[in-house]
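So you can see what is in the structure, the chains are spelled out below.
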Amino acid sequence: MAHGPREPFDNKIVEWVDSRLPIFTMIQKEYGVFPTPKNFNYFWNFGALAMVMLVTMIASGVILAMHYTPNAAMAFNSVERITRDVNYGWLLRYLHMNGASMFFIAVYIHIFRGMYYGSYKQPRELLWIFGIIIFLLMMATAFMGYTLPWSQMSGWGATVITSLFSAIPVVGKALVTWLWGGFSVDNPTLNRFFALHYLLPFIICAVVFLHVWALHVVGSNNPTGIDPKGPQDTLPFNPYYTIKDMFGLSIFLIVYAFLIFYAPTLLTHQDHFVPFNPMVTPAHIVPEWYFLPFYAILRSITFDFTLYLIVAGVAGGILIYNFCWRKTPCEKTKPFIPALLAVTVLFGIPAMLLAFFKDVEALKGVIAMIPLANIHLIEAKLGGVLAMFGSILLLAVLPWLDRHPVRSGRYRPWYRWTLIGFVVSAVILGYIGSQPAEQPFITIGQLATLYYFGWLLVIVPWLSHNEPVAKLPNSIHEAVLADSVKGGKK
Amino acid sequence: MTDHSLPDNPARRDFLYLTTGAVAAVGAGVTGWSFIDTMNPAADTLALATTEVNISSMQAGQSVVVTWQGKPVFIRRRTPDEIKAAQDVPVSELRDPQTDAQRVQAGKEEWLVVVGICTHLGCVPLGAKPNEPKGEYGGWFCPCHGSVYDTAGRIRKGPAPTNLTVPPYAFSSDTVIKIG
Ligand code: HEM
Ligand code: FES
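Just so you know, these numbers come straight off a predicted model, no measurement behind them.

Draft legend 1. Summary view of the confidence of the model for chain B. Chain-level pLDDT for chain B is 87 on average; 96% of the residues reach the 70-or-more range. At the level of chain-chain contacts, confidence expressed as ipTM amounts to 0.76, with global pTM at 0.88.

Here you go:
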């Protein structure tokens, strides 16, 4: 990366190495003098915090692996032995267990930062996609790690999540047997999960490298979303942001230490401390908190996709495409719009009745009269799986869903408030995911799911063309000055 | 002299290029398959494929749970009421239409044998033990996402798409069932 002319170093050893492999020049260039926008707020800490957590997880994990036994008969006891008998084993385990939570906290805030300030927008699309890939890999890693202590939650969580793949038509069942290496979650499953749990963090490291590389090609975004125009807009990374990151890290570590020393099992279900029994399912299977919103989306699809729902969905989708994704409806579609509207409503009504009102006594008679009600193209189970994976994959294409010319949410009030609604819907989903699948939780979860997808697929594309374009400050410097004048007057 | 003697005949180059590529692709595919197939159940896992159960002491209305291929299997000796309830349901009402006769062996209607794994996402439904909820159709109730099965193990309510699986089994004698 560090090509071109090189400044010699004073230190002879450093110079000897650097003239053969310019690694010190590279560090100096990318982390020393690297010109960084001068207006970062604390949201810009969380990338570095996530990096610290990745290193912490690998360091604690490698040591845990020295004491851990990946065998169905011994795994639970080996983890208990780590906590009780191994010197500082309790510390290592709680570092690792709560470290996963802290890692996800950092990454969720990091993702939110990107969404709020439009960091996913041109030219950072690829950087953003690498981020979503890291997020997916983290989820896979944490899921397999959670299986390793071979507790009731480990075994049953693994059963429920691997069984998701049985929803895939034709090959689903064979795929699940292949994932398990048997006919249920058992020793072969544990063995491969351990191997993969050890491997994936290193793959994450590789993708993090690409993520940071892409960042250093295009440079950081900043709270105004305005590109730096010259030296008055930037600061050298060191010492300004090394210090700011250190300060943020200190606060973050206080929270982490509080969890480890005062509430090590606060975020973990009690059934995670009971050995796995393949014959008895615990009363509630609840995943770790960081998976809850996605688990709630999975469970929100309680209905089959009937013929009616699909037809209404396609007609409605064409309308949404014309009126939300496009600035003006496509000429060719225009004459068909009344017909499309009619189809959406006519098919939408029976679709809604079949999907959501089947249990309402008063409507049973009406619903029984709907013909072809039993024809469904996607079963509820497959629908749930598609919705769950879709909810993450759609985030990856956010740069193409949002085409508004202004980057930062600071100058986009409509986007900003609907984004906060999106975060609220995700938090509600998280709560619903922790509750049993009963009313009123099911309906609340379905409404939150509707907003989650509605924001991504309807609101954001619509805002792209319809949210007024605010007048932006001329430069970061000007924005910072305006802020300090405002602050000074108070 | 024909074209093919020319050292840089492009058609000949392309042919060599494509055949080499094809052979390499087949080789990679065959090797790749062995990598993938190692993750399928091994011979010893497959060897655990059958389980024998003595049912001589079971009373009507009683259930047992046995292990077959690492999975729970429910054996229920059904009461006459339970059998009647299962036979009387109009098949058209069912999500996964099957008659009771398709789920038990002729002449042995008392005995229902099903894999105790919810067809939704693999939990073990409740209802085999006396103190467990059996759900509103008197069969099984899955606590995970609320699927309800009837006295023939058919799905009646909730997210599960299909009936509880009936494993292959045979009566080795009047008092012994061999599963698998
Ligand atoms: C991306 C980084 C990682 C994440 C998110 C992660 C996540 C987890 C989680 C959630 C658990 C369950 C903790 C518990 O319930 O006790 C776990 C366990 C475990 N992990 Fe990791 N892990 C990561 C990296 C690693 C690495 C690199 C290794 C080994 C080199 C490792 C080795 C282990 C071992 C041996 C266990 C079982 C012991 C225990 O449960 O404490 N982990 N991991
Ligand atoms: S696993 Fe039984 S209802 Fe979901």
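We are not done yet, so read on.
Draft legend 2. Spatial organisation of the packing of aromatic side chains. Following the criterion strictly, the structure yields 41 aromatic pairs over all chains and no others. Considering the side-chain rings of Phe40 of chain A and Tyr241 of chain A, the 4.6 Å spacing of their centres and the 40° angle between planes classify their relative orientation as tilted. Of this pair, Phe40 of chain A sits in the loop between strand S1 (35-37) and helix H3 (46-67) while Tyr241 of chain A sits in helix H10 (residues 237-262), placing them 201 residues apart in sequence. Note on accessibility: Phe40 of chain A and Tyr241 of chain A belong to one class, buried. Residues Tyr290 of chain A and Phe291 of chain A carry aromatic rings whose centres are separated by 4.9 Å and whose planes lie at 75° to one another, so their mutual orientation is edge-to-face. Residue Tyr290 of chain A is classed as buried on the basis of its relative accessible area of 2%. Joined through ring pairs, the aromatic side chains of Tyr31, Phe40, Phe43, Trp44, Phe112, Tyr116, Tyr117, Phe237 and Tyr241 of chain A make up one cluster. Of note, Lys244 of chain A hangs over the ring of Tyr42 of chain A, and the distance from its end group to the ring centre comes to 4.4 Å. In this arrangement the basic side chain of Arg76 of chain B is found over the ring face of Trp140 of chain B, its NZ or CZ atom lying 4.3 Å from the centre.

Draft legend 3. Main features of a nonpolar patch on the surface. Residues and elements named next belong to chain A. Residues Leu21, Ile23, Phe24, Ile27 and Tyr31 make up a contiguous nonpolar surface patch of roughly 450 Å² in combined accessible area. Looking at the element boundaries, Ile23 is found in helix H2 (residues 23-32). Using a relative accessible area of 37% as the deciding quantity, one classes Ile23 as partly exposed.

Draft legend 4. View of empty space enclosed by the protein. Taken as a whole and judged by the stated rule, the model has 4 cavities of 30 Å³ or more. Looking at the largest cavity, its volume works out to about 680 Å³. Every residue lining the largest cavity is counted, 33 residues in all, and those nearest its centre are Met57, His96, Gly145, Leu148 and His197 of chain A. Those elements that place two or more of their residues in the lining of the largest cavity are H3, helix H4 (75-84), helix H5 (89-116), helix H6 (125-147) and helix H9 (187-218) of chain A. Among the elements that make up the lining of the largest cavity, the one with the highest residue count is H3 of chain A (7 residues). Classifying every residue of the lining of the largest cavity gives 24 nonpolar, 7 polar and 2 charged. Quantified by volume, the second largest cavity comes out at close to 110 Å³. Among the elements of the structure, helix H7 (152-163) of chain A together with strand S3 (71-77) of chain B are those that each provide at least two residues to the lining of the second largest cavity.

Draft legend 5. The packing of helix H17 (residues 413-434) of chain A against helix H18 (residues 441-466) of chain A, seen in detail. All names here are of chain A. For the pair H17 and H18, the least separation of the axes is 9 Å and the interaxial angle reads 160°. Judged by the inter-axis angle, H17 sits roughly antiparallel to H18. Relative to H18, the crossing made by H17 is left-handed.

Draft legend 6. Here's a closer look at the side chain of Asn222 of chain A. Residues and elements named next belong to chain A. Relative to the assigned elements, Asn222 resides in the loop between H9 and strand S2 (234-236). Of the residues examined, Asn222 reaches a relative accessible area of 1% and is grouped as buried. A polar contact is formed between the side chain of Asn222 and the side chain of Asn39, at a distance of 3.0 Å. Looking at Asn222, its side chain comes within polar contact range of the main-chain oxygen of Ile226, at 2.8 Å. Residue contacts for Asn222: discarding those within four places in its chain leaves Pro37, Asn39, Phe40, Trp44, Tyr117 and Ile476.

Draft legend 7. Highlighting the nonpolar core. Grouped together as the largest cluster of nonpolar side chains are 126 residues, with contacts concentrated most on Met115, Tyr452 and Leu456 of chain A. In contact with Leu456 of chain A, not counting residues within four places along its chain, are Leu394, Leu395, Leu398, Leu401, Phe422 and Pro461 of chain A. Counting residues in hydrophobic clusters, the runner-up holds 14 residues, among them Val73, Ile75, Phe171 and Ile177 of chain B.

Draft legend 8. Quick peek at the coordination of the iron atom of ligand 1. Residues and elements named next belong to chain A. In the first shell of the iron atom of ligand 1, the protein supplies His96 (NE2) and His197 (NE2), at 1.9 to 2.0 Å from the metal. Around the iron atom of ligand 1 sit 6 donor atoms; with metal-centred angles ranging over 87 to 179°, the donor geometry is octahedral. Of this pair, His96 sits in helix H5 while His197 sits in helix H9, placing them 101 residues apart in sequence. When sorted by exposure, His96 lands in the same class as His197, which is buried.

Draft legend 9. How the structure looks around the layout of surface pockets. Residue and element names in this part refer to chain A. Of the pockets and cavities examined, the second largest pocket occupies roughly 1,300 Å³. The wall of the second largest pocket is formed by 29 residues, among which Phe305, Leu309, Leu450, Phe453 and Leu457 lie closest to the centre. Taken together, the elements giving at least two residues each to the lining of the second largest pocket come down to helix H12 (307-325), helix H13 (337-356), helix H15 (380-396) and H18. For the lining of the second largest pocket, the leading source of residues is H18, giving 9 residues. Taken together, the residues of the lining of the second largest pocket sort by class into 17 nonpolar, 12 polar and no charged.

Draft legend 10. Focus on the site of ligand 1. Residue and element names in this part refer to chain A. Residues in contact with ligand 1 amount to 25 residues; listed here are only the nearest, Arg93, His96, His197, Tyr198 and His272. In this structure, His272 approaches ligand 1 through a side-chain N or O atom, which is 2.6 Å from an oxygen atom. Cavity membership is defined here by more than half of the atoms lying within 2 Å of grid points; on that basis ligand 1 lies in the largest cavity. For the shell around ligand 1, the elements supplying multiple residues, two or more each, are H3, H5, H6 and H9.

Draft legend 11. Spotlight on the interface of chain B and chain A. Facing the 22 residues of chain B at the interface are 25 residues of chain A. Around 2,300 Å² of area is buried between chain B and chain A when both sides are counted, 63% of it from carbon and sulfur atoms. The largest contributions to the chain B side of the interface with chain A come from Met39, Leu121 and His145 of chain B, which together make up 27% of the buried area. Our count for the contact surface shared by chain B and chain A stands at 0 salt bridges. The interface formed by chain B and chain A contains 8 residue pairs in polar contact (both at pLDDT 80 or more). Mapped onto the side of chain B that touches chain A, the elements with two or more residues apiece are helix H2 (43-47), strand S2 (63-68) and S3 of chain B. Residue composition of the side of chain B that touches chain A, by class: 12 nonpolar, 9 polar and 1 charged.

Conventions used here
- Residues numbered from 1 in each chain as written.
- Chains lettered and ligands numbered in written order.
- Predicted model: local features only at pLDDT ≥ 70, side-chain atom pairs only at ≥ 80, totals over all residues.
- Heavy atoms only, no water.
- pLDDT = per-residue confidence, 0-100.
- Phe/Tyr/Trp six-rings, centres within 6.5 Å; stacked < 30°, edge-to-face > 60°.
- Helix = DSSP H or I, 4+ residues; strand = E, 2+ residues; numbered from the N terminus.
- Buried < 20%, exposed > 50% of the residue type's maximum accessible area, 1.4 Å probe, protein only.
- Lys NZ or Arg CZ within 6 Å of the ring centre and 35° of its normal.
- Patch = residues over 30% accessible without salt bridge, like charges linked within 9 Å, V, L, I, M, F, W, Y side chains within 5 Å.
- Areas by Shrake-Rupley, 256 points an atom, 1.4 Å probe, with all protein chains shown as cover.
- Salt bridge = Lys/Arg side-chain N within 4 Å of Asp/Glu carboxyl O.
- 1 Å grid on protein atoms, 1.4 Å probe; cavity = no way out; pocket = protein on both sides within 12 Å on 5 of 7 lines; lining within 4 Å.
- Points joined across faces, edges and corners; volume = space filled by probe spheres on them.
- Nonpolar A, V, L, I, M, F, W, Y, C, P; charged D, E, K, R; others polar.
- Axes fitted to C-alpha atoms, helices over the stretch in contact; angles between N-to-C directions.
- Parallel < 35°, antiparallel > 145°, perpendicular 65-115°, else oblique.
- Left-handed = near helix turned anticlockwise from the far one by under 90°.
- Polar contact = N/O pair within 3.5 Å; in protein donor to acceptor, adjacent residues only side chain to side chain.
- Contact = heavy atoms within 4.5 Å.
- Core = buried A, V, L, I, M, F, W, Y, C linked by side-chain atoms within 4.5 Å.
- Donors = N, O, S within 2.8 Å, 3.2 Å for Na, K, Ca; no water.
- Tetrahedral: all angles 85-135°; square planar, octahedral: opposite > 155°, others 65-115°.
- Near = heavy atom within 4 Å.
- Sits in = over half its atoms within 2 Å of the grid points.
- Buried area = accessible area lost by both parts, 1.4 Å probe.

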